[in-house]
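# Tertiary structure, described
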Amino acid sequence: MKIHNNCSELFRQRDWKALHDMLDSASPGRDPDERGQIAHWRASALSAEGRHDEAIDVLRGIQSDCRCRSTVSKHIAENLRHLGRDMEAIEELKNAPLADEWDRFRALALDAKYVLAHLLASNGLEVDKAILDDIPDSYIHITDRGQRISKSDLIDMISGKKKISI
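Below: a short report on this structure. (Residues numbered from 1 in each chain as written. Predicted model: local features only at pLDDT ≥ 70, side-chain atom pairs only at ≥ 80, totals over all residues. Heavy atoms only, no water.)

## Side note on the overall build of the protein chain
When you go through the protein chain residue by residue, the secondary structure sums to 10 helices and two strands. Taken from the N to the C terminus, the helices and strands of the protein chain come in the order α-α-α-α-α-α-α-α-α-β-β-α. Along the longest, intermediate and shortest principal axes, the C-alpha atoms of the protein chain span 50 × 30 × 25 Å. Pairs at least 24 residues apart make up 49% of the contacts formed inside the protein chain by residues separated by at least 6 positions. Where the 25 positive side-chain charges of the protein chain centre and where its 29 negative ones centre are 2 Å apart. (Helix = DSSP H or I, 4+ residues; strand = E, 2+ residues; numbered from the N terminus. Contact = heavy atoms within 4.5 Å. Lys, Arg positive; Asp, Glu negative; His and termini not counted. Charge placed at Lys NZ, Arg CZ, Asp CG, Glu CD.)

## A few points about the packing of aromatic side chains
Any two aromatic rings considered together are summarised by their centre-to-centre distance and by the angle between their planes. Applying the stated criterion across every chain yields a total of three aromatic pairs. When the centroid spacing of 5.2 Å and the interplanar angle of 75 degrees are considered together, the rings of phenylalanine 11 and tryptophan 16 count as edge-to-face. Phenylalanine 11 sits in the partly exposed class, given a relative accessible area of 24%. (Phe/Tyr/Trp six-rings, centres within 6.5 Å; stacked < 30°, edge-to-face > 60°. Buried < 20%, exposed > 50% of the residue type's maximum accessible area, 1.4 Å probe, protein only.)

## Some details on unusual backbone geometry
For arginine 14, which is not glycine, the phi torsion reads 60 degrees and is therefore positive. For arginine 14, a relative accessible area of 47% gives the class partly exposed.

## Re helix 8 (residues 106-122)
With 17 residues, helix 8 should reach 24 Å at 1.5 Å per residue; the first-to-last C-alpha distance of 24 Å fits that figure. Of all the 17 residues making up helix 8, 13 are buried; the element is thus mostly covered by neighbouring parts of the structure. Directly beyond the C-terminal end of helix 8, a positive phi value near 70 degrees is found at glycine 124. (Expected span 1.5 Å × (residues − 1).)

## Concerning the environment of aspartate 103
Mapped onto the elements of the fold, aspartate 103 is located in the loop between helix 7 (98-101) and helix 8. Separated by 75 residues in the primary sequence, aspartate 103 and proline 28 place their C-alpha atoms 28 Å from one another. Reaching out from aspartate 103, the side chain makes a polar contact with the side chain of arginine 106 at a distance of 3.3 Å. (Polar contact = N/O pair within 3.5 Å; in protein donor to acceptor, adjacent residues only side chain to side chain.)

## Overview of the pattern of salt bridges
Note on pairing: side chains with opposite charge can pair once their charged atoms come close. All told, the structure shown has 14 salt bridges when counted by the stated rule. Salt-bridge contacts for glutamate 49 lead to arginine 51; the nearest nitrogen and oxygen are separated by 3.2 Å. On the accessibility criterion, glutamate 49 (27% relative accessible area) is partly exposed. For lysine 74, the salt bridge is made with glutamate 78, and the minimal N-O distance between the two is 3.6 Å. Here glutamate 78 and lysine 74 lie together in helix 5 (residues 69-82), a separation of four residues that amounts to about one turn. Assessed through its relative accessible area of 7%, lysine 74 is described here as buried. Using a relative accessible area of 5% as the deciding quantity, one classes glutamate 78 as buried. What you see here is one network of salt bridges that share partners, running through Glu49, Arg51 and Glu54. (Salt bridge = Lys/Arg side-chain N within 4 Å of Asp/Glu carboxyl O.)

Any functional reading would require information that these geometric values do not contain.
Here it is in structure tokens:
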């Protein structure tokens with residue numbers, strides 16, 4: 001079952017009822033990738049609707065099926081951040097298997113590391129130099145709300161020159 005195109009269109013239209021109805025009727029069977037795809041779209045819709053606790057529940061329910069758990073942790077952390085629970089978001093990412101998944105899912109683990117660094121810095125906590133070293137100077141993070149933030153923006157935030165919210 002390839003639901004990406006249909007979900008993407010309904011998501012762009014912000015037709016949450018139709019999107020949830022389509023996901024409810026999907027039957028992934030035993031395929032963990034399909035279950036992950038359905039959960040991803042459901043969690044994305046719930047988050048966009050402001051239903052962050054429900055999105056977190058969906059993501060936690062599918063985490064063991066996903067090949068890249070770091071990206072699931074990143075999505076959980078983003079939802080926790082929207083709920084004002086930054087310390088829980090930081091713990092979520094600190095417990096993510098970033099190092100284990102670095103070679104297989106570098107781009108996804110890198111994105112999660114960026115979110116971790118941003119959460120730490122925005123809460124006045126020290127950002128480990130090793131995390132910053134892993135983020136290329138040319139890296140641009142695109143937030144779940146479409147904002148683009150560079151590594152230099154992050155460095156400016158850490159040094160106190162700039163305040164950025166994601």
